[in-house]
Structures are given as structure tokens and as C-alpha cells.
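Understanding the architecture of this molecule
Chain residues, written in single-letter form:
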Amino acid sequence: MSVEEGSIFGLKMPVFSSSKKKSDEYCCKIYTMDAELQFTIEATAKGHTLFSLVCQTIGLREHWYFGLKFLDKLTNEWTWLHMNRTITSQPIQIQSNPISSRRPESPSATDNVKPHLLRSPPTSPSMSTISLPSSSTSGAHPCANVLELYFVVKFYPEEITNELIQDITRHLFYLQVKQDILNMDIYCPPDAAAHLASLALQAKFGDYDQLSSSSESLNLESEALLPLSCFQKVELTRADWFARIVALWRTHTSLTREDSEMAYLKHAQDLDMFGLSFFEISKMQGANKSSPSSQQQSDQSSIAADLWLGIDSLGIRFYKKNKLRPEVFFSWSDIKSVAAHDKKVILNMSGEKSAAFAFYAAKSSVSKEILDLATGNHELYMKRRREQTIEIQQMRYFEEQQQKEKHRIVTRERQLRLQAEKERDEIERKFNDYQRQMKEIHDTLLKYQEAAELLARKAHISNEEARLQAEKALAIETQLERCKYEISRNEEEKRLYARQISECEQIISTLVNDSVKSRKEAEELKIEVAKWRVAEAAAREKLLSITQLNQSIAVINAATQAQQNLVQTSSPRALSPPPYRPTLRNQELNQTDERAFLIEKQSKQAQLALQLQDLKNVIQSKKIEEKQTFLDKAYEENLAVGDNKYSTIQKASSGTASKRMAMLQDL
């Protein structure tokens, strides 16, 4: 077998090629929590070779927390891959034909598989696929033999915040724990499940406000947010649950994906079943012996076994009533060694009076897994208490540098975001001012338009009045001309009358002289003179009346001119509203610094606490009593007496090792 240099996404890694027949090559499909990897290996490749390829491909250096699992073709159970043995020598199911890229059903849904052994393999339908073919292959995949394995978490740290170094490690832990909670492999109360779901949404989508303001549509119906038990045990609709989760989600503003995933792990770490691998055990050999069908029923029943054994990073716990309250706890410092023979497992205690406790598992494969997990957890337990290796120190140094750089980038991004928000607020303020100013200008224009319309109407009225006055003045002028003509004609008549009178007087004088001739003619002439005098008096009266009319016309003209002047002077001037003076508001914006950020963070935490308390009260009032499981009741009992994961461990580890051993014997 030869090794060549291959590269994927800029990462150099060994790609195995062989000059052997293609029938001696196997296509290994490795399913991680969010990806599917494909490798071509030889039949003689060992487990650690494939495991190293997976770690190099995903860039994982903290490989001691993980392992590869496969479905045993003999027992139909999930089994850890042995690293020092060849892969083909282990009972892995081999597919004779290449399978499609579709993911198989989750093994937790299979009747003959124990779901708690696998700790919920990935079931996400959207997975990226990376294929690493052999250098001697091209075109279609040449392998006729396909192996399927799962890359999952095998060992958990004691303190997940301080021990996990790489982001990829924390991300894989986050995906594993999230899947375990959704599949109900880890018991999680409804309120804590809603809180964790809000952190998962923050990790996946970011801030809710930015997402809701963008054009992207958010469909929470397609997201797996809560375990199925939350909908079965509490009388809340999906819409109510989603509304509560979104309200909690909005309190996680400005958390990055890494911070959200770490917060998720911090809260999940406080769950009682976090990081524990459970096994059914009995004190007497043969207590778990039964037919295959009854064995499956006993695996599914949580009360069929005498005891439960829980193994984690702190030690070994023994449970009697439920998996939330351990009866006896032994830390790894109390345990000297663990031995397994067939189905029997022996715990050898350390101390002056060394004691041993033996118990039996259902199958020899289970006892071997207990031994494997106990050995691995004990080694990590001792490794944590020794001086860190150069590799760990280098990893921590580089990670600290990366975290500092990320913190600097995040701080810069936060400053830029705050500055952008500040500018946005300033733009909104200016926009509101502009809108207000435009409204004022619009109102002013309306006033001007109304004033212009009013002036136009008054100008029209004035024009009509002027036209009427002009017509009236023209009529008066025409009448005045007529009067002048009458006056001039009357003066001519008067002169004519005077001349006639003088002629008459001459005639009268002549007639007087000739009166002797005819008195009768004289009398007639006198009468005629009298008539003419009456006519003269009438003419004088008419002249007097014409003179008075002329004076009245002059008065009327003067009055008309005065009225026109009055109209012109008394015409309403344009309604000039007060000149526009925009009010400038020079408001000083608050300087956002670290103290303001901390105050905002504290307010969000207080808001989150209030919402969680309100959610707890709602869940308490809406829960369905007949749907409450044994674990729900046990959790309520622990909550009533004020116990949690750490207090129950402290109580279970109280007393000397011999005293706890005696308690275990009594169980």
C-alpha cells in the first residue's frame, strides 16, 4: 500500500492507492453530524487510518473525544470501531452495491437497535458530501463494497467551557448534544428545551431583528426546535411554542454563532443525563437472560433492569429508581481498575481497604463497551490532572490567538454595527425632520394656494365692480353731455327770447305809440308778453335745475373717485404666512461604550430570566398530568427539594468508599 499526497479545500492529506485489484478496495462512507465523507481504502487498512483521515479532512485535532461507530452485522447493535484492528476484520455490514446518496433511516427508529448506544446519529437531510477517491480511479466509483460508519462523540469533558479548544470540536459537540436532546436521549424539561431552541436559532440564523428586517422569509415550521415530548405533555400549540421561542431568541442579540453554540453547551451541561452512557446491569448473573423478544422488551423498558450504570467523565454512577438521581457515585480517583470477563464487570476500588464490586451486563459486547468507555474516561480523567502536553499548549496558544483575533474582529464589527445603527438612527431622525419640514412646507403651500384663490376671487369681484362703475360713469358722462347740450340750447333760446323781448318792447313801444290805433291788439300783446315771461321763468327754473344736476354729478364723480380709491386702498393684501423657519434639533447621541454594552447585556439577561420564569409558569399550568413520564415526575421531585445535577452527585458521593460500596451492595 502506497501513500500519496492529496488535497481538498487546501488541506493536504494522505490518499491511499493500491496496485491491487479493485475488489480489494472499499468505499467508506463516514457520516458526521453535518457532512458525509467518502474514502477509498484498502482491505488491510486499520481503524486508526480511517479515523485519522476523517480528522484531517474536517480539521479536527482534539480527536480523543470522538470515535467511529458501525452497525454490527452479527448482533445488529451499534459498536465502536477498534482502532488497532483492520476495518474489514470487524463485523461491519458491507453493501454489495453502491448505495444512493440518500441518508438511511435513523437507527433510533429501528426496532432491533438500542438508540442510547449510538447517542442519536445525524438525521439532517441537508448534508455536504466530500469524496476522496483513490488516485487510480476516475469516472464512476469503482468500489463494489461500501462500508457505513458514523463519526460521533465518544467521551465528554468535565467542564465543556474550559476543556474544548477548537471551534470545530465545540461545533461537533453542539450538533451531537442538540440531536440527543431532540431525540430525547437526554432528558430536557420543556422550559430548558425552549431556551436551548432559541440559542440554536441564534446560532443558525443570527439576530432575529436583522433577519426579520431583511427580505429573507423565516419558516420555523421546517426547523426541528423542540423534542416531541414538549408537544405531547403541554397544552400549547406549535404557534404558541414558536412565539415563546422567538421571544427568547430576541434576547440573544449580538451573539455570534460560536458564542451561541457555547452558551447552548453550557446550559445543556447542567442537564442530569448530559455526557452519560447508560447500561442496564444486574447483580446476579442470568438476571438479564431471556429470549430475544423478551430481551428487546427489557431493553425498551426502563424498569426491567435491577440497576442502571452511568459512565461519564467524572466517574461511574449507579441508579436504582430513575436516571436523574444516582444512588451511589464513584469518581475515577476512587476506582483503581475495571476488569471485564464475558458478561461480568469488576470494579476494583483504591484505598487502604481495597474492595471490589462485580455486576453483570446483558451481553459480553455490552461489558466490553463498559470497559472501553471506563478505560477511556479514566485516561482522560488522569490526563486532565497532569501537566499539559506541548501539543495541547500549542493548540491552546493558537486558539487563544485566534480567539483574540476573532474578539478583535467581533469588537470591530460590533463598533461598526453600532456606528451603522447610530448613522441609521441619525438618518431616520433627519428623515423624520425632513418629513416634518415637508409637511410644514406643504401646509404653507396650501395656505398660499388658499390665499391666492381668495385674492383671485376678490380680484374678480373688484373687476366686476370696476366694470359696473365704468359703465355707470359712462352713463353719467353721457347724461352730463346731454345736460350741457340742453344748457347751451337753453342759453340760445334765452338770447333769442331776449332779442324777441327787445323786439317786442320796440314793437310795444311802437304799438303804445300806436295804441290809439288798437287797444285790443295791445292787450293781446300784453298777454303774449306775460306768456313769454312765464316761459322765461320756466327756463330759469330749468337752468337752475340743470345747474344743480351738474353739481350733483360732480359730487357723484368725486364720490365715485373716492370710492375707487377706497376700494384700491382697502383691497385685502395677500395672506402672507409667517416665513418658514425650519427648526433644527441638534440632539447629542449617546456614546455607546463597553459599559453601555454591559448594561444592555444585563438588561437582556434580566429580560431572559423573566421570560423563562413566565414560560415555566405557563408550562406548569398547561401541562397534561396523565402524559407526564416517570422522568418528568422525578425531575419535579428533585426540583421540589432543590436538587440539581451537581447536588445529587454530591449526595451520591458522600461518605467513604467502603460506605458507598456497602450501599451499593444493599441496592
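Residues numbered from 1 in each chain as written. Predicted model: local features only at pLDDT ≥ 70, side-chain atom pairs only at ≥ 80, totals over all residues. Heavy atoms only, no water.

- As recorded in an unreviewed UniProt entry, the chain goes by the name FERM domain-containing protein, listed as coming from Rotaria socialis.
- According to the UniProt record, the Subcellular location (unreviewed entry) comment for the chain reads "Cell membrane". (UniProt positions renumbered as here; feature names shortened; annotations may be inferred.)

1. Section: the overall build of the chain
- Along its length, the chain carries 17 helices and 16 strands.
- Within the chain, the proportion of its 667 residues that are buried is 37%.
- Long-range contacts, defined as pairs at least 24 residues apart, comprise 72% of the intrachain contacts of the chain with a sequence gap of at least 6.
- Counting only carbon and sulfur atoms, one obtains 53% of the accessible surface of the chain, whose full area is about 38700 Å². (Helix = DSSP H or I, 4+ residues; strand = E, 2+ residues; numbered from the N terminus. Buried < 20%, exposed > 50% of the residue type's maximum accessible area, 1.4 Å probe, protein only. Contact = heavy atoms within 4.5 Å. Areas by Shrake-Rupley, 256 points an atom, 1.4 Å probe, with all protein chains shown as cover.)

2. Re the packing of helix α5 (residues 190–205) against helix α9 (residues 257–269)
- For the pair α5 and α9, interaxial distance at closest approach is 8 Å and the crossing angle is 160 degrees. Here α5 is positioned roughly antiparallel relative to α9, judged by the angle of their axes. At the point where α5 passes α9, the crossing takes the left-handed sense. The residues of α9 that touch α5, namely those facing His195, Leu196, Leu199, Ala200, Gln202 and Ala203, are Arg257, Ser260, Glu261, Ala263, Tyr264, His267 and Ala268.
- Partitioning the contact of α5 with α9 into residue classes produces seven nonpolar, four polar and two charged. (Axes fitted to C-alpha atoms, helices over the stretch in contact; angles between N-to-C directions. Parallel < 35°, antiparallel > 145°, perpendicular 65-115°, else oblique. Left-handed = near helix turned anticlockwise from the far one by under 90°. Nonpolar A, V, L, I, M, F, W, Y, C, P; charged D, E, K, R; others polar.)

3. Points about the confidence of the model for the chain
- Counting all residues, the mean pLDDT for the chain is 78, and 76% of those residues have values of 70 or more.
- Across residues 1–22, confidence stays below pLDDT 50; counting only partners more than four residues off in sequence or on other chains, it has 48 contacts.
- Confidence drops under pLDDT 50 across residues 287–304; counting only partners more than four residues distant or on other chains, this segment forms 21 contacts. (pLDDT = per-residue confidence, 0-100.)

4. Regarding the nonpolar core
- Judged by nonpolar contacts, the single largest core of 114 residues is most densely connected at Ile30, Phe151 and Phe318.
- Among the elements that make up this core, the one with the highest residue count is α5 (eight residues). (Core = buried A, V, L, I, M, F, W, Y, C linked by side-chain atoms within 4.5 Å.)

5. Topic: the pairing of strand β16 (residues 356–361)
- Summarising the sheet, strand β10 (residues 277–282) and β16 pair through two bridges and their orientation is antiparallel. Opposite Ser282, over in β16, you have Tyr360 as the bridge partner.
- Sheet topology note: the strand β15 (residues 344–349)/β16 ladder contains five bridges and is antiparallel. Paired with Leu347 across the two strands is Phe357, which belongs to β16. (Pairing = 2+ DSSP bridges.)

6. Some details on the sheet that holds strand β12 (residues 315–319)
- The seven strands lie next to each other as β13-β12-β11-β10-β16-β15-β14, forming an open sheet whose pairing is antiparallel. In the strand order of this sheet, the two ends are held by β13 (328–331) and β14 (335–341), each with one partner. Averaged over all pairs of adjacent strands, the angle between strand axes in this sheet comes to 30 degrees, irrespective of strand direction.
- Contacts from helix α11 (residues 364–384) reach β10, β11 (307–311), β14, β15 and β16 within the one sheet, and its direction differs from that of β14 by about 155 degrees.
- Helix α17 (residues 657–666) rests against β11, β12, β13, β15 and β16 of the sheet, and its axis sits at about 140 degrees to β13.

7. Concerning the packing of aromatic side chains
- Counted according to the given criterion, the structure contains 20 aromatic pairs.
- Here a set of aromatic residues connected by ring pairs shows up, and it is made of Phe51, Trp64, Tyr65, Phe66, Phe151, Tyr156, Phe173 and Phe274.
- The ring of Trp64 has Lys383 sitting right over it, with the charged end atom 3.9 Å from the ring centre.
- The ring of Tyr381 carries Arg385 above its face, with NZ or CZ at 3.6 Å from the centroid. (Phe/Tyr/Trp six-rings, centres within 6.5 Å; stacked < 30°, edge-to-face > 60°. Lys NZ or Arg CZ within 6 Å of the ring centre and 35° of its normal.)

8. Observations concerning α17
- Those residues of α17 that sit buried are Arg660, Met661 and Leu664. Here the buried residues of α17 occupy an arc of 105 degrees about the axis, which is enough to place them on one side. Exposed residues pointing more than 90 degrees away from the buried face of α17 are listed as Lys659 and Asp666.
- Elements that come into contact with the buried residues of α17 comprise β11, β12, β13, β15, β16 and α16 (645–652). (Arc of directions from axis to C-beta.)

9. Overview of the pattern of salt bridges
- Evaluated as defined, the whole model comprises 32 salt bridges.
- Here Arg170 makes a salt bridge to Asp167, at a shortest N to O gap of 2.4 Å. Taken as a pair, Arg170 and Asp167 lie in helix α4 (residues 167–182) at a separation of three residues, close to a single helical turn. Grouping residues by exposure puts Arg170 and Asp167 together as buried.
- With a shortest N-O distance of 2.5 Å, Asp643 and Arg325 are connected by a salt bridge. One end of the pair, Asp643, is in the loop between α15 (630–640) and α16; the other, Arg325, is in the loop between β12 and β13, and 318 residues separate them in sequence.
- Its relative accessible area of 11% is what places Asp643 among the buried residues.
- Beyond isolated ion pairs, a larger network of salt bridges with shared partners links Glu158, Glu163, Arg384 and Arg385. (Salt bridge = Lys/Arg side-chain N within 4 Å of Asp/Glu carboxyl O.)

10. A short note on the packing of α5 against helix α8 (residues 238–249)
- At a closest axis distance of 8 Å, the pairing of α5 and α8 adopts a crossing angle of 60 degrees. Taken together, the axis directions place α5 and α8 in an arrangement best described as oblique. The element α5 and its partner α8 pack so that their crossing is right-handed. Every residue of α8 that contacts α5 at Pro190, Ala194, His195, Ala197, Ser198, Leu201, Gln202 and Phe205 is listed here: Trp241, Ile245, Leu248 and Trp249.
- Here the contact of α5 with α8 is built from residues that sort into nine nonpolar, three polar and no charged.

11. A few points about the pairing of strand β3 (residues 25–31)
- Judged by how many residues are buried, β3 sits mostly within the fold: seven of seven residues are covered.
- Burial along β3 is two-sided: Glu25, Cys27, Lys29 and Tyr31 and Tyr26, Cys28 and Ile30, pointing in opposite directions, are all buried.
- If you look at the hairpin formed by β3 and strand β4 (residues 35–42), you'll find three residues sitting between the two strands.
- As judged from the five bridges shared by β3 and strand β9 (residues 146–153), these two strands associate in the parallel manner.

12. Quick notes on the side chain of Thr251
- In this structure, Thr251 sits in the loop between α8 and α9.
- On the accessibility criterion, Thr251 (7% relative accessible area) is buried.
- Only 2.5 Å separates the side chain of Thr251 from the backbone oxygen of Leu248, close enough to count as a polar contact.
- Ignoring anything within four residues of it in the chain, the contact list for Thr251 reads Lys604, Gln607, Leu608 and Gln611. (Polar contact = N/O pair within 3.5 Å; in protein donor to acceptor, adjacent residues only side chain to side chain.)

13. A short note on unusual backbone geometry
- One non-glycine residue, Met184, adopts positive backbone phi at about 60 degrees.
- Note on placement: Met184 falls in the loop between α4 and α5.
- When its relative accessible area of 43% is taken as the criterion, Met184 is described as partly exposed.
- One non-glycine residue with positive phi stands out, namely Ser254, at about 75 degrees.
- Checked against the element boundaries, Ser254 lands in the loop between α8 and α9.

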